[in-house]
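# Architecture and fold: a report
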Amino acid sequence: MRQSIPSWVRVPVLFFIIFALVEYFVNSGRMPAFVEYPMVLLFYVFVLFVLVAIEAIVNSLGNILYQSLDDEAKAIYDAKKPQTSKWITKIQSLYKKSLGSKPMAEEHEIVLDHNYDGIKELDNDLPPWWLYGFYASIVFAVIYLVRFEVFDGYTQYDELETEYAEAKIAIEEYKKTAKDLVDFNTVEVLTSASDLSNGKAIYEVNCVACHMADGGGGIGPNLADEHWILGGGISHIFKTISEGGRAGKGMVAWKQSLKPSEIAQVASYVLQFQGTTPAKPKEAEGDIWTE
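Keep in mind that what you see is a predicted model, and the values were worked out from it rather than measured.

## Re the pairing of strand β4 (residues 119–122)
Note on strand geometry: in a regular strand, side chains alternate between the two faces of the sheet. As defined by bridge partners, strand β3 (residues 111–116) adjoins β4 across 3 bridges and the pair is classed as antiparallel. Considered in β4, the bridge of Val111 is made with Leu122. Remark: 2 residues form the turn of the hairpin made by β3 and β4, two consecutive strands paired antiparallel; Asp117 in that turn has positive phi of roughly 55°.

## Some points on the packing of aromatic side chains
For any two aromatic rings, the description comes down to two numbers: the centre-to-centre distance and the angle of the planes. A complete count under the given rule lists 17 aromatic pairs for this structure. Ring centres of Phe148 and Tyr154 lie 5.2 Å apart, and the angle between their planes is 90°; on these two criteria the pair is classed as edge-to-face. Residue classification places Tyr154 among the partly exposed residues on the basis of a relative accessible area of 44%. What links up through ring pairs into an aromatic cluster is the set Phe15, Phe16, Phe19, Phe34, Phe43 and Tyr44. Against the face of Phe148 rests Arg147, its NZ or CZ located 5.2 Å from the ring centre. The ring of Phe184 is capped by Lys239, whose NZ or CZ atom sits 4.8 Å from the centre of that ring.

## Quick look at a negative patch on the surface
Judged by side-chain charge, Asp158, Glu159, Glu161, Glu163 and Glu166 come together as a negatively charged surface patch. Of note, Glu159 is situated in helix α7 (residues 156–177).

## Here's the deal with the packing of helix α8 (residues 193–206) against helix α11 (residues 260–270)
Interhelical geometry of α8 versus α11 gives an angle of 90° and a closest axis separation of 7 Å. Taken together, the axes of α8 and α11 lie roughly perpendicular to each other. Where α8 approaches α11, its residues Asp195, Leu196, Asn198, Gly199, Lys200, Ile202 and Tyr203 are matched on the opposing element by Glu262, Gln265, Val266, Ser268, Tyr269 and Val270.

## Quick notes on the environment of Ser197
Here Ser197 lies in helix α8. When the C-alpha atoms of Ser197 and Tyr269 are compared, they prove to be 8.1 Å apart, with 72 residues separating the residues in sequence.

## As for a nonpolar patch on the surface
Taken together, the side chains of Leu126, Trp129, Trp130, Tyr132, Phe134, Tyr135, Ile138, Val142, Leu145, Val146, Val150 and Phe151 present a nonpolar region at the surface, about 1,300 Å² in accessible area. Mapped onto the secondary structure, Phe134 falls in helix α6 (residues 128–150).

## Let's talk about the nonpolar core
In terms of nonpolar packing, the biggest core is built from 21 residues, with Tyr203 and Ile241 touching the most fellow members. Of all elements in the fold, only α8, α10 (233–243) and α11 reach the threshold of two or more residues within this core. A total of 6 residues in this core trace back to one element, the largest contributor, which is α11. When residues no more than four places from it in sequence are discounted, the contact partners of Tyr203 are Val208, His211, Met212, Ala213, Gly215, Leu223, Val266, Tyr269, Val270 and Phe273. Among the nonpolar cores identified, the runner-up in size contains 8 residues, and Val11, Val22, Val47 and Leu51 belong to it.

## Things to note about the confidence of the model for the protein chain
Per-residue confidence for the protein chain gives a mean pLDDT of 86; residues scoring 70 or more make up 94%. Between the elements of the protein chain, mean pLDDT differs from a low of 56, seen in strand β1 (residues 3–4), to a high of 94, seen in α8.

## Re unusual backbone geometry
A positive phi angle, near 50°, is found at Asp152, a position not held by glycine. With respect to the secondary-structure elements, Asp152 resides in the loop between α6 and α7. Overall, Asp152 belongs to the exposed group, its relative accessible area being 63%. Residues other than glycine seldom take positive phi values, yet Met212 does so here, at roughly 70°. Tracing the sequence through the fold places Met212 in the loop between α9 (208–211) and β5 (227–228).

## Regarding the pattern of salt bridges
If you walk through the whole model with that rule in mind, you get 3 salt bridges. The partner of Lys255 in a salt bridge is Glu243, with the nearest N and O atoms 2.9 Å apart. Linking Lys255 in the loop between α10 and α11 with Glu243 in helix α10, this pair joins segments that are 12 residues apart in sequence. Lys282 is the partner of Glu285 in a salt bridge, and the nearest nitrogen-oxygen pair spans 3.4 Å.

Procedures and definitions
- Residues numbered from 1 in each chain as written.
- Predicted model: local features only at pLDDT ≥ 70, side-chain atom pairs only at ≥ 80, totals over all residues.
- Heavy atoms only, no water.
- Pairing = 2+ DSSP bridges.
- Helix = DSSP H or I, 4+ residues; strand = E, 2+ residues; numbered from the N terminus.
- Phe/Tyr/Trp six-rings, centres within 6.5 Å; stacked < 30°, edge-to-face > 60°.
- Buried < 20%, exposed > 50% of the residue type's maximum accessible area, 1.4 Å probe, protein only.
- Lys NZ or Arg CZ within 6 Å of the ring centre and 35° of its normal.
- Patch = residues over 30% accessible without salt bridge, like charges linked within 9 Å, V, L, I, M, F, W, Y side chains within 5 Å.
- Areas by Shrake-Rupley, 256 points an atom, 1.4 Å probe, with all protein chains shown as cover.
- Salt bridge = Lys/Arg side-chain N within 4 Å of Asp/Glu carboxyl O.
- Lys, Arg positive; Asp, Glu negative; His and termini not counted.
- Charge placed at Lys NZ, Arg CZ, Asp CG, Glu CD.
- Axes fitted to C-alpha atoms, helices over the stretch in contact; angles between N-to-C directions.
- Parallel < 35°, antiparallel > 145°, perpendicular 65-115°, else oblique.
- Contact = heavy atoms within 4.5 Å.
- Core = buried A, V, L, I, M, F, W, Y, C linked by side-chain atoms within 4.5 Å.
- pLDDT = per-residue confidence, 0-100.

This is the structure we're talking about:
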């Protein structure tokens, strides 16, 4: 004899099948479809309502038809009624035990003396799952109190400081693989041979015509002395290369041609001219720069 699937299994299964299909076919990026599109959430609510309503209507109609049968017809129906599978029966049995209620045949033992218009009240015990959950919460509260109040356990401030430290480490690790996030506020002097070599190559291609190979200056100012027109130091040099020099002086904004990491490399290379003696140094321009 075939076995029936109860409605409390059938409804969730059908709902999650529909849910999975919608989430698969609706393009919502990284966000769930019901978060990205509120109408999808309304659709889910509507589908769930329809499924529950159908189950309720079908069960009600079945019960009405069953009650309309005579005793003989009921017996025939019960004999042919699909059997419930063993695992579903076990789940139902565990559920009833978790409620801790008495069977209807034994309810007369717990009926209270008073009644209201013929409505009587049962003196049922609290459900075991609720009672044990309450006991567990008491045990948890005692452990929590001792751990964090008596023995001075870590606080939310400690957790915040730990998260800040972890975030700082994560940011530094990310910067190692995302060098183009740098700007004049965050740039630092690069000292590795590869960075300086790349900076030199960029300088020789784009900067020699105005500043000379040794940084002595020509059309552009001398890069080897202590004087700077728009400020020295890695941050100001980075900004000057990125945004360009003074209006009308010919220094273009190299951010259109160079990546931030490349600007950082050439800016770090430019600092290598400090303290050197060019072959034909141009007269100093600007003010002496001190950090």
